[in-house]
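The primary structure of each chain is shown beneath.
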Amino acid sequence: MKEVIGITGSPAVGKRTVGKLLAGLCNFNFVDGNEVVKSLGVAVENDEFVIDLDKGRKALNEIASRGKVIISSLFLPDLLSPELVDLVVVLRCDPRILYYRYLKRNYSLLKLKENLTSEFIDYCYVRSMKVFGDEKVVQLDATRRSPQALALKIYKIWKGGEKKVKEKVDWLSIITSPSDIVRFLI
């Protein structure tokens, strides 16, 4: 094992904060994959960052191949080779909470809607499962947990002290009427 843990999830779920805390618990290095990719050069088109996936993949896989690292990134499934990672944690957060976090970050209305939709439909979790496989992926609801509690839970899972139980996260169940869809996504 390379001793590589990946953390992914929608923007503002706590990937970086939890990753740094987890790195301290594991005595690993922490790498913000988004910053690595940005440092390689990005273009901005229509209020969107356009990254070079090939350069990002090469850089992150080189980092991961050294081992003893926590890598957090929204783009983790697109950047990290499955054979290099031991555990992938998908952090999830209630879209009603994320909505306010996105407002604080001054996200455009389009970006806000895209990210909320992504969280509602489990995009990061489904993508991670497809790329890394069921045996490596765990999703955790970060909504009402402190970053410290999340880091400790991930540490225990990684060390084998806790089963890799995939918490059930179903944000679509909070939509009880058509007006909820309008309020959240339109």
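Residues numbered from 1 in each chain as written. Predicted model: local features only at pLDDT ≥ 70, side-chain atom pairs only at ≥ 80, totals over all residues. Heavy atoms only, no water.

Colleague: Tell me about the pattern of salt bridges, and please be specific about residues and values.
Modeller: Throughout the structure, instances matching the rule amount to 11 salt bridges. Two residues, Arg145 and Glu167, come together in a salt bridge whose shortest N-O distance is 2.6 Å. Of the two residues, Arg145 is situated in the loop between strand 7 (137–141) and helix 8 (147–159) and Glu167 in the loop between helix 8 and helix 9 (178–185); the sequence distance between them amounts to 22 residues. What makes Arg145 partly exposed here is its relative accessible area of 29%. Accessibility expressed as a relative area gives 18% for Glu167, which makes it buried. Among the charged side chains, a salt-bridge network with shared partners connects Arg92, Glu119 and Asp122. (Salt bridge = Lys/Arg side-chain N within 4 Å of Asp/Glu carboxyl O. Helix = DSSP H or I, 4+ residues; strand = E, 2+ residues; numbered from the N terminus. Buried < 20%, exposed > 50% of the residue type's maximum accessible area, 1.4 Å probe, protein only.)

Colleague: Kindly report on unusual backbone geometry, identifying the contributing residues and their values.
Modeller: Residues other than glycine seldom take positive phi values, yet Asn27 does so here, at roughly 60°. Tracing the backbone shows Asn27 in the loop between helix 1 (15–26) and strand 2 (29–32). Here the phi dihedral of Asp122 falls at roughly 65°; this positive angle occurs in a residue that is not glycine. You can see Asp122 is positioned in the loop between helix 6 (109–120) and helix 7 (123–132).

Colleague: Help me get a handle on the nonpolar core, residues and values and all.
Modeller: In this structure, Ile5, Leu22, Leu87, Leu91 and Ile154 are the most contacted members of the largest nonpolar core, which totals 26 residues. Contributing elements (two or more residues each) for this core: strand 1 (4–9), helix 1, strand 6 (87–92), helix 5 (95–104), helix 6, strand 7 and helix 8. Considering every element that reaches this core, the biggest residue donor is helix 8, with five residues. Residues in contact with Leu22, not counting those within four places in the same chain, are Ile5, Ile7, Ile70, Ala151, Ile154 and Tyr155. (Core = buried A, V, L, I, M, F, W, Y, C linked by side-chain atoms within 4.5 Å. Contact = heavy atoms within 4.5 Å.)

Colleague: Give me the lowdown on the pairing of strand 1, citing residues and values where you can.
Modeller: When you tally the buried positions in strand 1, you get six out of six residues, the bulk of the element. Pairing analysis gives five bridges linking strand 1 to strand 6, with the strands arranged parallel. Bridge pairing in strand 6 places Ile5 opposite Leu87. (Pairing = 2+ DSSP bridges.)

Colleague: Can you explain the sheet that holds strand 6? Please cite residues and give values.
Modeller: Reading across from one edge, 2-5-1-6-7 is the order of the five strands in this open sheet, with parallel pairing throughout. The two strands at the open ends of the sheet, each matched to only one other strand, are strand 2 and strand 7. Between one strand axis and the next, the sheet turns through 20° on average, direction left out of account. When strand 1 meets strand 5 (residues 69–72), the two strands line up parallel, connected through four bridges. Across the sheet, residue Ile5 finds its bridge partner in strand 5, namely Ile70. Running at roughly 165° to strand 1, helix 1 makes contact with strand 1, strand 2, strand 5 and strand 6 of the sheet. (Axes fitted to C-alpha atoms, helices over the stretch in contact; angles between N-to-C directions.)

Colleague: Tell me what's going on with the packing of aromatic side chains, and back it up with residues and numbers.
Modeller: The description of two aromatic rings rests on the distance between their centres and on the angle between their planes. Across all of its chains, the model carries four aromatic pairs by this definition. Taken together, a centroid distance of 5.0 Å and an interplanar angle of 90° make the contact between Tyr99 and Tyr100 edge-to-face. You can call Tyr100 exposed: its relative accessible area is 54%. With a centroid separation of 6.3 Å and 45° between ring planes, the pair formed by Tyr155 and Trp158 is classed as tilted. Placement of both Tyr155 and Trp158 in helix 8 is noted, with a separation of three residues, approximately one turn of the helix. Using a relative accessible area of 23% as the deciding quantity, one classes Tyr155 as partly exposed. On the basis of relative accessibility, which here comes to 19%, the residue Trp158 falls in the buried class. Taken together, the ring pairs in this structure connect Phe28, Tyr155 and Trp158 into an aromatic cluster. (Phe/Tyr/Trp six-rings, centres within 6.5 Å; stacked < 30°, edge-to-face > 60°.)

Colleague: I'd like to hear about helix 7, residue by residue, with values.
Modeller: Turning to helix 7, its buried residues number three or more, namely Cys124, Tyr125, Ser128 and Phe132. The buried residues of helix 7 occupy an angular sector of 95° when projected down its axis, which confines them to one face. Of the exposed residues in helix 7, the ones pointing more than 90 degrees away from its buried face are Val126 and Lys130. Where the residues of helix 7 are buried, they touch strand 1, helix 4 (76–79), strand 6 and strand 7. (Arc of directions from axis to C-beta.)

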